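Topology and contacts: notes
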Amino acid sequence: MGIVKSSIALIIGATLVFLTFGEVFAGETQKRLTSESVIETIMKRGKLKVGMSTFVPWAMRNKKGELIGFEIDVAKKVAADMKVKIEFVPTAWSGIIPALIAGKFDAIIGGMSVTPQRNLTINFTAPYAHSGMGIAANKNLAGDLKWPEGYNSRSVTFTCRRGATSCSDIKKIWPKARLRQFDDDSLAFQEVINGNAHATVTSHPKPARWVYKHPEVLFMPSTENLTEGNESFGIRKGDPDALNFFSNWIMVHTSNGWLEDRHNYWFKGMDWADQVDLK
Amino acid sequence: MIRNKAPYDSYWIDALVLIAVVFLIVYVFYRVNTVLIYNWDWSFIPGYLFRWDEELQSYAPNLLMKGLFTTIRLAIWSIILAAILGFIMGMMRTSRRLFPRMLSRLYVELIRNIPPVVFIFVFYFFISSQITPLLGLDSISTDSSPITLKVLDFLLGPPELLSNVVSGIICLALFEGAYVTEIVRAGIQSIPKGQVEGGMSIGLSRIQLMRYVVMPQAVQRVIPPLASQFIILIKDSSIVSLISIQELTFLTMEVATSTQRVFEIWVFVAAMYFVISYACAFGFSRLEKRMALHKA
């Protein structure tokens, strides 16, 4: 009897102890998660560090050398709402994800489209913009090609910006075509203008603007969106607080129309053109 | 000096070659416009060198000049660090003990036998990310007094870019240090063995031997190759643009993307690099001549 009683007592005791400590541990984990969140770091530092890459009209340098553009507005607004200062960390596009993981900045606000591959390495918030991909082609080379199936041939060459989603879009839509990648969009366009490639794909409104600049060589085989992208903030994995904060920030500014308003200003019109030496 | 009686013997061949070269250059430049459909427009460049500041009512350096200053700072600091590292490693390389020799050999061979781009990526993402937080550079920019900040600004550039510049400097210094090591080793080993043996025979210790016999001569001999390494470093500094150090090449990319005028800006920046590299080469050759006078 004594043994049974004491073992029951022992089991109950052990369970109680376990439960209490379990509670404590859960509480600890929660506290640790919160204190380790990048949101906490930003508030303590009083400054939000944003990684971005120059890409017209998302982010570019005006005549004074300052950064302007759609996502510059977005990042400044996020910082203003958090009541902290903003610091931009201009980063080469091809190294922007490793730089985020290495902690060089708190978030990527860089017009980055969500792709499953990228999502395996970093987390994405809700989308704050939806860009469409457009195409510009060389009149002499591609003028007679049938849209869109005529472009799916080994003799057709496409150009794109290295690491951009347009490269994978081209591979998906025209798997037979050859693809050449450049570090800069201007070079990708120049190659088409020079007649060394048939067409280039990049996000709107760039194709239309280049066609406007070079009407004698370039044309748009289609003005429709080839694909639609979802651009989100990129943050490090394992940070539920940051994911929640940024996603809800985007939700709030989507519903009140602020994001659409800014998007239209930078993407639909050219009111900002005189701030930049855009030729 | 005795003048050669017929110094211009092959004058007409030289002239022919010269004309051919000039013709070729002109032809290539002429051909550019047939393979490249491009409207050249250089007018935007001065604005990116200096801009008119409305608040200060004066001209202020814009992106390209800022980039140039950063490049110069990068070059100067990394050559100082590389020289220190190179001299230590170079002496270890000629040590009689096996361990220092192995250590410096490992360093030199490791860096000389991997591509600079790989080294820079590995260094920046694996190592520099751990070093820069330890140095507490981010807090310097917020906690320091205005005077410290001004000094720092002059020496290392804007405080908010401090950790960025410092990782660039360390990266370049480690990289170039390997080449300096080899230059120093060659300098030390060029001192005739007889001198070392002579020194030892009068009872000099190894340190005294280095200080009074070997180094004074070796330093003089390594100055010219060091100078050329320094000029190489100025140009090599452009590769740190890959890890987003805000120097001339990186900011040029930013301007090129923003203005979408790629060729003008790169040609112009190439000229900027040429001017600073050539100015350095000129300065060093004067220095060499003066040192040669002292020797004679």
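For the structure itself, look to the data block above.
Remarks on the overall build of chain B
Regarding its fold elements, chain B presents 12 helices and two strands. The linear arrangement of helices and strands in chain B, starting from the amino end, is α-α-β-β-α-α-α-α-α-α-α-α-α-α. Expected size for 296 residues packed as a compact globule is a radius of gyration near 19 Å; at 24 Å, chain B overshoots this value by more than 25%. Expressed along its principal axes, the backbone C-alpha trace of chain B runs to roughly 75 × 70 × 40 Å. Every one of the 296 residues in chain B was classed for burial, and the buried ones make up 39%.

A few points about the state of the cysteines
Residues and elements named next belong to chain A. Evaluation of the coordinates by the stated rule reveals one disulfide over all chains. A disulfide bridge connects Cys-160 with Cys-167, and the sulfur atoms are separated by 2.0 Å. One disulfide, between Cys-160 and Cys-167, carries an S-S torsion of 105° and so falls in the right-handed class. The pair Cys-160 / Cys-167 is uniform in exposure class, with both members buried.

Thoughts on the pairing of strand E5 (residues 107-113) of chain A
For a regular strand, side-chain orientation follows a simple rule: the groups alternate between the two sheet faces. All names here are of chain A. Most of E5 sits inside the fold, with seven of its seven residues counted as buried. Alignment of strand E1 (residues 47-52) against E5, held across two bridges, turns out to be parallel. By the bridge assignment for E5, Val-50 is matched with Ala-107.

Brief notes about the pattern of salt bridges
All names here are of chain A. Summed over all chains, the structure comprises 14 salt bridges over all chains. Between Lys-47 and Glu-87 there is a salt bridge, with the nearest N and O atoms lying 2.8 Å from each other. With Lys-47 in strand E1 and Glu-87 in strand E4 (residues 85-90), this pair connects stretches of sequence that are 40 residues apart. Comparing Lys-47 with Glu-87, the two get one shared label, buried. Residue Asp-185 pairs with Lys-206 through a salt bridge whose shortest N-O separation is 3.0 Å. Remark: Lys-206 occurs in helix H9 (residues 206-213) and Asp-185 occurs in helix H8 (residues 185-193); sequence separation between them is 21 residues. Overall, Asp-185 belongs to the buried group, its relative accessible area being 2%. According to the relative accessible area criterion, Lys-206 is buried, its value standing at 2%.

Comments concerning the sheet that holds strand E7 (residues 133-138) of chain A
All names here are of chain A. On the basis of which strands lie adjacent, the open sheet formed by five strands has the order E9-E8-E10-E7-E11 and mixed pairing. The outermost strands of the open sheet, each flanked by one partner alone, are strand E9 (178-182) and strand E11 (218-219). Where strand E8 (residues 157-161) and strand E10 (residues 199-203) come together, two bridges link them in parallel fashion. When the sheet's bridge partners are listed, Phe-158 is paired in E10 with Ala-199. Where helix H7 (residues 165-173) meets the sheet, its contacts fall on E7, E8, E9 and E10, and the angle it forms with E8 comes to roughly 155°. Sheet contacts for H8: E7, E8, E9, E10 and E11; angle to E10, the most-contacted strand, approximately 150°.

Side note on the pairing of strand E12 (residues 231-235) of chain A
All names here are of chain A. Of all five residues making up E12, five are buried, and the element is well covered by its neighbours. Sheet topology note: the E5/E12 ladder contains three bridges and is antiparallel. In the strand pairing of E12, Ile-108 is matched with Gly-234. Pairing of strand E6 (residues 123-129) with E12 involves four bridges; the strand directions are antiparallel. Bridged to Asn-123 within E12 is Ile-235.

Quick word on the interface of chain A and chain B
Interfaces are often described in size by the accessible area the parts lose on coming together. Listed per partner, the contact involves 36 residues of chain A and 33 residues of chain B. Taken together, both faces of the contact between chain A and chain B bury some 2,800 Å²; the carbon and sulfur share is 50%. If you look at where chain A meets chain B, you find nine residue pairs in polar contact (both at pLDDT 80 or more). Every element with two or more residues in the side of chain A that touches chain B is listed here: strand E2 (60-61), E4, helix H4 (96-101), H8 and H9 of chain A. Partitioning the side of chain A that touches chain B into residue classes produces 15 nonpolar, nine polar and 12 charged.

Digging into a nonpolar patch on the surface
All names here are of chain B. Together, Trp-12, Ile-13, Leu-16, Val-17, Val-21, Phe-23, Leu-24, Ile-25, Tyr-27, Val-28, Phe-29 and Tyr-30 make up a nonpolar patch on the protein surface, roughly 1,300 Å² of accessible area in all. Mapped onto the fold, Tyr-27 is located in helix H1 (residues 11-35). For Tyr-27, a relative accessible area of 42% corresponds to the partly exposed category.

Details of H7(A)
The complete set of buried residues in H7(A) reads Thr165(A), Ser166(A), Cys167(A), Asp169(A) and Ile170(A). Its buried side turned inward, H7(A) meets E5, helix H5 (116-121), E7, E8, E9 and E10 of chain A.

Observations concerning the sheet that holds E12(A)
Residue and element names in this part refer to chain A. In spatial order, the strands read E4-E1-E5-E12-E6; together these five strands make up an open sheet with mixed pairing. Looking at the sheet topology across the chains shown, the edges are occupied by E4 and E6. The mean inter-strand angle of the sheet, taken between neighbouring strand axes irrespective of direction, is 30°. By the bridge criterion, six bridges tie E1 to E4 in an arrangement that is parallel.

Structural notes on the packing of H8(A) against H9(A)
A pair of packed helices can be characterised by two numbers: the angle between their axes and the separation between those axes. Residues and elements named next belong to chain A. For the pair H8 and H9, the least separation of the axes is 12 Å and the interaxial angle reads 45°. The angle between the axes of H8 and H9 places the two elements in the oblique class. Of the two elements, H8 crosses H9, and the hand of that crossing is right-handed. Across the interface between the two elements, Asp-185, Ser-186, Phe-189 and Ile-193 from H8 touch Lys-206, Pro-207 and Trp-210 from H9.

The rules we used
- Residues numbered from 1 in each chain as written.
- Chains lettered and ligands numbered in written order.
- Predicted model: local features only at pLDDT ≥ 70, side-chain atom pairs only at ≥ 80, totals over all residues.
- Heavy atoms only, no water.
- Helix = DSSP H or I, 4+ residues; strand = E, 2+ residues; numbered from the N terminus.
- Rg over C-alpha atoms; globule rule 2.2 N^0.38 Å.
- Buried < 20%, exposed > 50% of the residue type's maximum accessible area, 1.4 Å probe, protein only.
- Disulfide = S-S within 2.5 Å.
- Pairing = 2+ DSSP bridges.
- Salt bridge = Lys/Arg side-chain N within 4 Å of Asp/Glu carboxyl O.
- Contact = heavy atoms within 4.5 Å.
- Axes fitted to C-alpha atoms, helices over the stretch in contact; angles between N-to-C directions.
- Buried area = accessible area lost by both parts, 1.4 Å probe.
- Polar contact = N/O pair within 3.5 Å; in protein donor to acceptor, adjacent residues only side chain to side chain.
- Nonpolar A, V, L, I, M, F, W, Y, C, P; charged D, E, K, R; others polar.
- Patch = residues over 30% accessible without salt bridge, like charges linked within 9 Å, V, L, I, M, F, W, Y side chains within 5 Å.
- Areas by Shrake-Rupley, 256 points an atom, 1.4 Å probe, with all protein chains shown as cover.
- Parallel < 35°, antiparallel > 145°, perpendicular 65-115°, else oblique.
- Left-handed = near helix turned anticlockwise from the far one by under 90°.

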